[in-house]
Amino acid sequence: MPNGESSYRRFLTGDDNGIVEIVRDYKDGLMLYLNSFVRNLTVAEELCEDTFVKLAVRRPHFRENSSFKTFLYTIGRNTAIDYLRKTHGNVIAIEELSDTLNDDRESLEQSYIREERKIAVHRAMETLKSEYQQVLWLTYFEELSNKETAAVMKKSVHNIETLVYRARNALKTALEKEGFEYEEL
């Protein structure tokens, strides 16, 4: 698990390798999260770069009441919202989620089934409200706690718990419409 907090502290004391480590450790996840707002990987990449520039130039104060990842994703979320306000765009779907991890022991059939499930989940996620997409992304793909997700989305923990419950049910319904057998999300 990357320790962005220590890298950021080192950067603030003059070690430029700290910011390099932060970019290396967080850019992919942050870019995919930002893509859930703009639905364009190129724009999401630019917003990701803008987030890191803000971190490096403005050097915002990191309060240690949350994780560094929560802190960084909040800056990214605000950057995306500012972009959307300027361009009058909408907050919409998550694009491609992640590459499939291939295990050499998996049979071709198992690999195919796994890929089909990912595609079904991706399609179903695209049909959900933006707020549901964000909460599912942060909670399950970025593995943030409800408290951290609440901080990023600027909501209460109770609101996040409710959103997760509703988003899971909406995802279940969307998956069932596609003929996906619901096991456990």
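Just so we're clear, the structure is a prediction, and the values are computed from it rather than from any experiment.

Turning our eyes to something else, we now look at the overall build of the protein. Check the secondary structure of the protein and you find eight helices and zero strands. For the protein, the succession of helices and strands along the chain, N to C, is α-α-α-α-α-α-α-α. Within the protein, contacts between residues separated by at least 24 positions form 63% of all contacts whose residues are at least 6 apart in sequence. Approximately 11000 Å² of the protein is accessible, and the part contributed by carbon and sulfur atoms is 48%.

Quick look at the packing of aromatic side chains now. Summed over all chains, the structure comprises ten aromatic pairs. An angle of 55° between the planes, with centres 5.7 Å apart, marks the rings of Tyr 26 and Phe 68 as tilted. Of this pair, Tyr 26 sits in helix α2 (residues 17-38) while Phe 68 sits in helix α4 (residues 68-87), placing them 42 residues apart in sequence. Note on accessibility: Tyr 26 and Phe 68 belong to one class, buried. Of note, Lys 129 hangs over the ring of Tyr 132, and the distance from its end group to the ring centre comes to 4.7 Å.

Across the interface, α2 lies against α4 with an axial gap of 10 Å and an inter-helix angle of 40°. As far as their axial angle goes, α4 and α2 are oblique. The handedness of the crossing between α2 and α4 is right-handed. Across the interface between the two elements, Ile 22, Tyr 26, Gly 29, Leu 30, Tyr 33, Leu 34, Phe 37 and Val 38 from α2 touch Phe 68, Lys 69, Leu 72, Tyr 73, Gly 76, Arg 77, Ala 80, Ile 81, Tyr 83 and Leu 84 from α4. Residues that form the contact of α2 with α4 fall into these classes: 14 nonpolar, two polar and two charged.

The next subject is the nonpolar core. The tendency in soluble globular proteins is for nonpolar side chains to be buried as a group. Counting residues in each nonpolar core, the largest one holds 48 residues, and the members touching the most others are Ile 22, Leu 55, Phe 68 and Leu 72. Elements represented by at least two residues in this core include exactly α1 (4-12), α2, α3 (41-58), α4, α5 (108-127), α6 (130-141), α7 (146-153) and α8 (157-177). Top contributing element to this core by residue count: α2, with ten residues. Discounting chain neighbours no more than four positions away, the residues touching Phe 68 are Gly 4, Glu 5, Tyr 8, Ile 22, Tyr 26, Leu 55 and Phe 62.

Summed over the entire model, instances satisfying the criterion amount to seven salt bridges. Its salt-bridge partner being Arg 10, residue Asp 15 comes within 3.0 Å of it at the nearest N-O pair. A salt bridge links Asp 25 to Arg 24, with the shortest nitrogen-to-oxygen separation between them at 3.2 Å. Looking at Asp 25, the relative accessible area reads 31%, which means it is partly exposed. When salt bridges that share partners are traced, they join Arg 10, Asp 15 and Glu 21 into one network.

You will see that Arg 59, though not glycine, has its phi angle at about 50°, which is positive. Along the chain, Arg 59 turns up in the loop between α3 and α4. Within the chain, Glu 143 stands out as a residue other than glycine whose phi angle is a positive 55°. Following the sequence through the fold, Glu 143 ends up in the loop between α6 and α7.

Rules behind the numbers
- Residues numbered from 1 in each chain as written.
- Predicted model: local features only at pLDDT ≥ 70, side-chain atom pairs only at ≥ 80, totals over all residues.
- Heavy atoms only, no water.
- Helix = DSSP H or I, 4+ residues; strand = E, 2+ residues; numbered from the N terminus.
- Contact = heavy atoms within 4.5 Å.
- Areas by Shrake-Rupley, 256 points an atom, 1.4 Å probe, with all protein chains shown as cover.
- Phe/Tyr/Trp six-rings, centres within 6.5 Å; stacked < 30°, edge-to-face > 60°.
- Buried < 20%, exposed > 50% of the residue type's maximum accessible area, 1.4 Å probe, protein only.
- Lys NZ or Arg CZ within 6 Å of the ring centre and 35° of its normal.
- Axes fitted to C-alpha atoms, helices over the stretch in contact; angles between N-to-C directions.
- Parallel < 35°, antiparallel > 145°, perpendicular 65-115°, else oblique.
- Left-handed = near helix turned anticlockwise from the far one by under 90°.
- Nonpolar A, V, L, I, M, F, W, Y, C, P; charged D, E, K, R; others polar.
- Core = buried A, V, L, I, M, F, W, Y, C linked by side-chain atoms within 4.5 Å.
- Salt bridge = Lys/Arg side-chain N within 4 Å of Asp/Glu carboxyl O.

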